[in-house]
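Remarks on the overall topology
Given next are the chains, with one letter for each unit.
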Amino acid sequence: MVLPAIARFSPGDSLPTYTVRAFNASTQSDNKIHEDSVAKAYGFRGGLVPGVTVLAYMARPFAEHLGLAWLERGTLSARFLKPFYEGDECRVAASVTAVTDRAIEFEVAATNQEGELCGSGSASLPFDAVRQPACDSVPTAPIPEHRAEASAQSLAIGTVLGTLSWVLEPDGPYADYLAEVADDLPLHGPDGVAASGYLYRWGNSALTNSVILGPWIHVSSEAQHFSAAQFGDHLRSAAIVTDEFERKGHHFVDLDVLIVANETRPVMRIAHRAIYQLRRA
């Protein structure tokens, strides 16, 4: 059953399915896992659509149907199980799993045209404002002038990565981003607020600005929204390494990312996991 209004959420209700044609805008990026020949050398069919792009697709139903409230206090958690490739159909389905006195909880899945589960996760909309972290709870550091190679040493637990900062404007790179992910929501337009996917992408950029990477893969993210990013805000994204480990030949890194507006208002906290060094196929 498709739910007609937020006030009538019940377990088993679903948001309208969102369908989009997957687009790989990163074929020329420094991360060559998005380029066909390199990705094939690692056993993939072709260049991978970036994980942050898939995360943006998975966020779309919540922004569209829950609106500003979700961008101000909602959550989204996602794991990327199989790649999307250029031109794949991405179908995002979200359904209510629980309604408590504190929040509405959802499960969300992204499948391709073959019905394969490529992304899986959960989301929530708390009824009340959530507790905000201190703006300095994730340390800041300058972007290194000379980046070290990604390794267990350069990504040791506790390493503070270079802090990114920018002024959020509705045109230029932001408008290009909306076109890349086919986001035409008025909520994310020049009279609205920043799309969460745009901020996820900035948070995921901490690695590339701090260390030299070969082909690497975004594995999962957990995001907690605290407030909507407004156009004209000066934003900074600070990140610290919370874990580094090896599993089955892959080398992983976990990041804790905090995005703050105008040095006074937390916007979002994200736990990102990536394979920074891939095992060869």
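Here we summarise the structure given alongside this text. Every value quoted in this text rests on a predicted model; they were computed, and no experiment measured them.

A few words now on the overall build of the chain. When helices and strands are counted, the chain shows six helices and twelve strands. Rg of the C-alpha trace for the chain: 18 Å, near the compact-globule value of 19 Å for 281 residues, within the 12% margin. Each principal axis of the C-alpha atoms in the chain carries an extent, and together these give about 50 × 45 × 35 Å. When the 281 residues of the chain are sorted by exposure, 52% land in the buried category. For the chain, the share of sequence-separated contacts (at least 6 apart) that also reach a separation of at least 24 residues comes to 70%. Surface accessibility of the chain: about 12600 Å² in total, with carbon and sulfur atoms responsible for 50%. Across the chain, the 22 positively charged side chains and the 33 negatively charged ones have centroids separated by 6 Å.

Ordered in space as S1-S3-S4-S5-S2-S9-S12-S11-S10-S7, the ten strands form an open sheet in which the pairing is antiparallel. Each edge of the open sheet is held by one strand with a lone partner, namely strand S1 (18-21) and strand S7 (164-167). Across this sheet, the average inter-strand angle for adjacent strands is 20°, counted without regard to direction. Here S7 pairs with strand S10 (residues 234-247) via four bridges, running antiparallel. Counterpart to Trp166 in the pairing with S10 is Leu235. Against the sheet, helix H2 (residues 51-66) makes contact with S1, strand S2 (75-80), strand S3 (89-99), strand S4 (103-111), strand S5 (117-126) and strand S9 (217-225), and its axis sits at roughly 145° relative to S2, the strand it touches most. Contacting S2, S7, S9, S10, strand S11 (250-261) and strand S12 (265-277), helix H5 (residues 196-204) runs over the sheet at an angle of about 55° to S12.

So, on to the environment of Ile33. In this structure, Ile33 sits in the loop between S1 and helix H1 (36-41). C-alpha of Ile33 to C-alpha of Ser165: the two residues are 132 residues apart in sequence and 26 Å apart in space.

Residue placement: His218 occurs in strand S9. As for His218 and Ala274, which are separated by 56 residues in sequence, their C-alpha atoms are 4.4 Å apart. The residues contacting His218, other than those within four sequence positions of it, are Gly51, Val52, Phe80, Asn204, His272, Arg273 and Ala274. Looking at His218, its side chain comes within polar contact range of the main-chain nitrogen of Val52, at 3.4 Å.

Secondary-structure assignment places Thr163 in the loop between strand S6 (148-149) and S7. Residue Thr163 is classed as buried on the basis of its relative accessible area of 16%. The contacts of Thr163, once residues within four sequence positions are left out, are Pro139, Thr140, Ala141, Pro142, Ile143, Arg236, Ser237 and Ala238.

So, on to the nonpolar core. Ranked by internal contacts, the top residues of the largest apolar core, which has 69 residues, are Phe62, Trp70 and Leu207. When near neighbours in sequence (up to four residues on either side) are disregarded, Trp70 contacts Ala59, Phe62, Ala63, Thr75, Leu76, Ser124, Leu125, Ser196, Tyr200 and His225.

A negative phi angle characterises most non-glycine residues, just as the trans form characterises most peptide bonds. One non-glycine residue, Ala182, adopts positive backbone phi at about 55°. By the secondary structure assignment, Ala182 is in the loop between helix H4 (173-180) and H5. Note on Ala182: relative accessible area 41%, which makes it partly exposed. Phi at Lys248 is positive, roughly 55°, even though this residue is not glycine.

Moving on, we get to the packing of H2 against H5. Between H2 and H5, the least distance of the axes is 9 Å, while the angle of their chain directions is 155°. As the angle between them shows, H2 and H5 are arranged roughly antiparallel. The handedness of the crossing between H2 and H5 comes out as right-handed. Together, Val52, Thr53, Leu55, Ala56 and Ala59 of H2 and Ser196, Gly197, Tyr200, Arg201 and Asn204 of H5 make up the contact between the two elements. Here the residues of the contact of H2 with H5 sort into five nonpolar, four polar and one charged.

With respect to the helices and strands, the residue Gln113 is situated in the loop between S4 and S5. Gln113 gets classed as partly exposed once you look at its relative accessible area, which sits at 40%. Each residue touching Gln113, except ones within four places of it in the same chain, is listed here: Asp88 and Glu89. At 3.0 Å, the side chain of Gln113 and the side chain of Asp88 are in polar contact. Only 2.9 Å separates the side chain of Gln113 from the backbone nitrogen of Glu89, close enough to count as a polar contact.

Quick notes on the rules
Residues numbered from 1 in each chain as written. Predicted model: local features only at pLDDT ≥ 70, side-chain atom pairs only at ≥ 80, totals over all residues. Heavy atoms only, no water. Helix = DSSP H or I, 4+ residues; strand = E, 2+ residues; numbered from the N terminus. Rg over C-alpha atoms; globule rule 2.2 N^0.38 Å. Buried < 20%, exposed > 50% of the residue type's maximum accessible area, 1.4 Å probe, protein only. Contact = heavy atoms within 4.5 Å. Areas by Shrake-Rupley, 256 points an atom, 1.4 Å probe, with all protein chains shown as cover. Lys, Arg positive; Asp, Glu negative; His and termini not counted. Charge placed at Lys NZ, Arg CZ, Asp CG, Glu CD. Pairing = 2+ DSSP bridges. Axes fitted to C-alpha atoms, helices over the stretch in contact; angles between N-to-C directions. Polar contact = N/O pair within 3.5 Å; in protein donor to acceptor, adjacent residues only side chain to side chain. Core = buried A, V, L, I, M, F, W, Y, C linked by side-chain atoms within 4.5 Å. Parallel < 35°, antiparallel > 145°, perpendicular 65-115°, else oblique. Left-handed = near helix turned anticlockwise from the far one by under 90°. Nonpolar A, V, L, I, M, F, W, Y, C, P; charged D, E, K, R; others polar.

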